[in-house]
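One-letter residues, chain by chain:
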Amino acid sequence: MSEKPDLNAISHDLRAVRLEKLAQLRAAGEDPFRAEWDQTHVAADCPSLLPEGVEEGPEVSVAGRIVALRVMGKASFVKVLDRSGVQQCYFTRDALGDRYDAHFKKLLDLGDFVGVRGRLFRTKTGEVTVRVTEYRLLAKALRPLPEKWAGLADQDQVYRQRYLDLVVNEESRRRLMARSRIIESIRRFLWSRGFLEVETPALHSVAGGAAARPFQTHFNALDCDFNLRIALELHLKRCLVGGLDRVFEIGRVFRNEGYSPRHSPEFTMLEAYQAYSDYRGMMELVRSLIQTAAREALGTTSIARHDGTVIELGGEWREAKYKDLILERTGDPQWFSRTKEEKIAACRVLGLEEPRADWEDYEVTNEVFGKLIEPTLIQPTFVTHVPKELCPLAKITRGDATTIDVFELCINGQEIAPAYSEQNDPGVQREMFQIQAGAEQHKVDEDFLLALEHGMPPAGGLGVGIDRLAVLLTGAANIRDVILFPTLRPSANP
RNA sequence: GGCCGGAUAGCUCAAUGGUAGAGCAGUUGACUUUUAAUCAAUUGGUUCGGGGUUCGAGUCCCCGUCCGGCCA
């Protein structure tokens, strides 16, 4: 091994250079992917181990990916990224001898995983640093990291190679970790209220519980078609029938519809059902749940938006009746006595796109709500007394046959969480299903109606779009920014 | 599905229709407390693909692919 390897000749090929280094490591008898390393601490532990005024701290052993490499002759500073953050380490020829020049300087690269051991000290600028006395390469990276300062900007690559985004874009790492902490907090909150977490099927023969086009698939063994679920609702209610009177599920649902910054074809829903409660009970539940998640995951209930406004999640939340919002926005006290044609004409005046001819009357009104009112509901607002046509699974309001006992919780200009006083009259439920199904009566979930006939306790039910909640709490611009691996068109050239 | 914008070195980005460049990363060297380290030298290009206009196309035109935004 006397001939000098010519890295210069291949220096334009970043991968070839690293493969050559890999070969040199192996030629020297080292396994570049050796596993063992006793990690005793993470980066976030280190500052507290070296209190102010103390010269030298205890020995620590950390591990992670090299994300910065500053070589200055016989001493070098290296930043190592682990799950908790970045730890600076100080490598010197004095401490490491010949290995410093022959191994550390020649064969390690940005992106490599290393284990590092040494005592903590403070640099002259005050940064707590590991004075390395021992280190080991744990995994060689054969490809370079994206640029260290600008990070990774190409949106497609951010989503397709999220691991690179996580390594170099701190903001992405922080945001996606916040999502996990939000979900963790929600689970703890519901457990503390006596809810049982359950898992229900994702393959449904009838995709019910919401109005959405499902993804379809086929089960070979039974030779029958299934749909991926579009909601969790109907199985969780079967749990209520069975006496599990506080249940929740956090699960993936699939809707074969639009794809936009606010819509992902697969997204995560929380649904919770509490027997002997109703939609008013769900108001308190969801408000406490979101406030708790915000405090635990973010440490605050004040969310700054990009336009400078602040969403205040603390305290009580506004309530507004759907009809009042419509009357206020259209400026027409007689709105609900107008014919469909008059409403469509009014939509034109309000600057809305032409409603489609096959729309029902209530759909025209709901277009006003969806396009002109919901986007303006930035501060938390419970929209109540919603027209019954919009949800066939809720109880009719006593004293007003046109509305249902529900709320739509809107924050940040979008619906975050609907909740109902759940319909438990099997006769009324069947009628509502049949109206909704129209010509497609095979879409009525008879199995669910059978369960209802066995008796379901009165209950409040709540759904929370977890992705949208994460968008709200983290200030993300796009739902895909809070989903680790968003659905994408398959890559053309792998 | 419609309209608009984009695709150039590993990454982030430049380039009146006239020799494709910079920073970072890489390579070589100097440097024992750096903080986007610094300094010197240096490698690296099917300008997304195909066609057209032109003496000449990264740039203009057409078709396609992919991505993003707005709308449906």
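Residues numbered from 1 in each chain as written. Chains lettered and ligands numbered in written order. Predicted model: local features only at pLDDT ≥ 70, side-chain atom pairs only at ≥ 80, totals over all residues. Heavy atoms only, no water.

*Asks:* Could you give an account of the protein's contact with RNA strand B, with specific residues and numbers?
*Replies:* With respect to spatial proximity, 44 residues lie near RNA strand B, and among them R70, D94, K124, T125 and K148 are the closest. Close to the protein, within 4 Å, the atoms of RNA strand B are drawn from sugar and phosphate at a rate of 61%. Take K148: an N or O atom from its side chain is 2.4 Å from a phosphate oxygen of RNA strand B. For RNA strand B, a base nitrogen lies 3.5 Å from a polar atom in the side chain of W149. Counting only elements with at least two residues in the surface near RNA strand B, the list comes to helix 1 (14–27), strand 1 (56–72), strand 2 (75–82), strand 3 (85–92) and helix 5 (155–160). Among the residues making up the surface near RNA strand B, the classes are represented as 16 nonpolar, ten polar and 18 charged. (Near = heavy atom within 4 Å. Polar contact = N/O pair within 3.5 Å; in protein donor to acceptor, adjacent residues only side chain to side chain. Helix = DSSP H or I, 4+ residues; strand = E, 2+ residues; numbered from the N terminus. Nonpolar A, V, L, I, M, F, W, Y, C, P; charged D, E, K, R; others polar.)

*Asks:* Give a description of the pattern of salt bridges that names residues and reports values.
*Replies:* Within the structure shown, the criterion is met by 34 salt bridges. E56 is the partner of R131 in a salt bridge, and the nearest nitrogen-oxygen pair spans 4.0 Å. With R131 in strand 5 (residues 128–139) and E56 in strand 1, this residue pair connects regions lying 75 residues apart in the sequence. The exposure class assigned to R131 is partly exposed, which follows from its relative accessible area of 34%. Note on E56: relative accessible area 40%, which makes it partly exposed. (Salt bridge = Lys/Arg side-chain N within 4 Å of Asp/Glu carboxyl O. Buried < 20%, exposed > 50% of the residue type's maximum accessible area, 1.4 Å probe, protein only.)

*Asks:* Please set out the sheet that holds strand 14 (residues 318–321) residue by residue, giving values where relevant.
*Replies:* Spatially, 6-10-11-18-17-16-15-14 is the arrangement adopted by the eight strands of the open sheet, whose pairing is mixed. Every other strand in the sheet has two partners, leaving strand 6 (196–197) and strand 14 as the edge strands with one partner each. The pairing of strand 17 (residues 414–421) with strand 18 (residues 459–465) spans three bridges and is classified as antiparallel. Paired with S421 across the strands is G460, a residue of strand 18. Taken strand by strand, helix 9 (residues 279–298) contacts strand 11 (266–275), strand 14, strand 15 (381–387), strand 16 (403–411), strand 17 and strand 18, and its axis lies near 15 degrees from that of strand 16. (Pairing = 2+ DSSP bridges. Contact = heavy atoms within 4.5 Å. Axes fitted to C-alpha atoms, helices over the stretch in contact; angles between N-to-C directions.)

*Asks:* Go over the sheet that holds strand 9 (residues 224–228), please, and point to the residues and values.
*Replies:* An order of 7-9-8 is seen for the three strands of this open sheet, with the pairing classed as antiparallel. On the outer flanks of this sheet lie strand 7 (203–204) and strand 8 (216–219), each paired with one strand and no other. Sheet topology places strand 8 next to strand 9; four bridges connect them, and they run antiparallel. Each bridged residue has a counterpart across the sheet, and for Q216 the counterpart in strand 9 is N227.

*Asks:* Can you lay out empty space enclosed by the protein for me, pointing to particular residues and giving the numbers?
*Replies:* What the rule picks out here adds up to one cavity of 30 Å³ or more. Reported here for the largest cavity is a volume of approximately 30 Å³. Lining of the largest cavity is provided by H204, V206, G208, A231, L232, E233, L234, H235 and D445. The biggest single contributor to the lining of the largest cavity is helix 8 (residues 233–241), with three residues. Of the residues assigned to the lining of the largest cavity, the class counts are four nonpolar, three polar and two charged. (1 Å grid on protein atoms, 1.4 Å probe; cavity = no way out; pocket = protein on both sides within 12 Å on 5 of 7 lines; lining within 4 Å. Points joined across faces, edges and corners; volume = space filled by probe spheres on them.)

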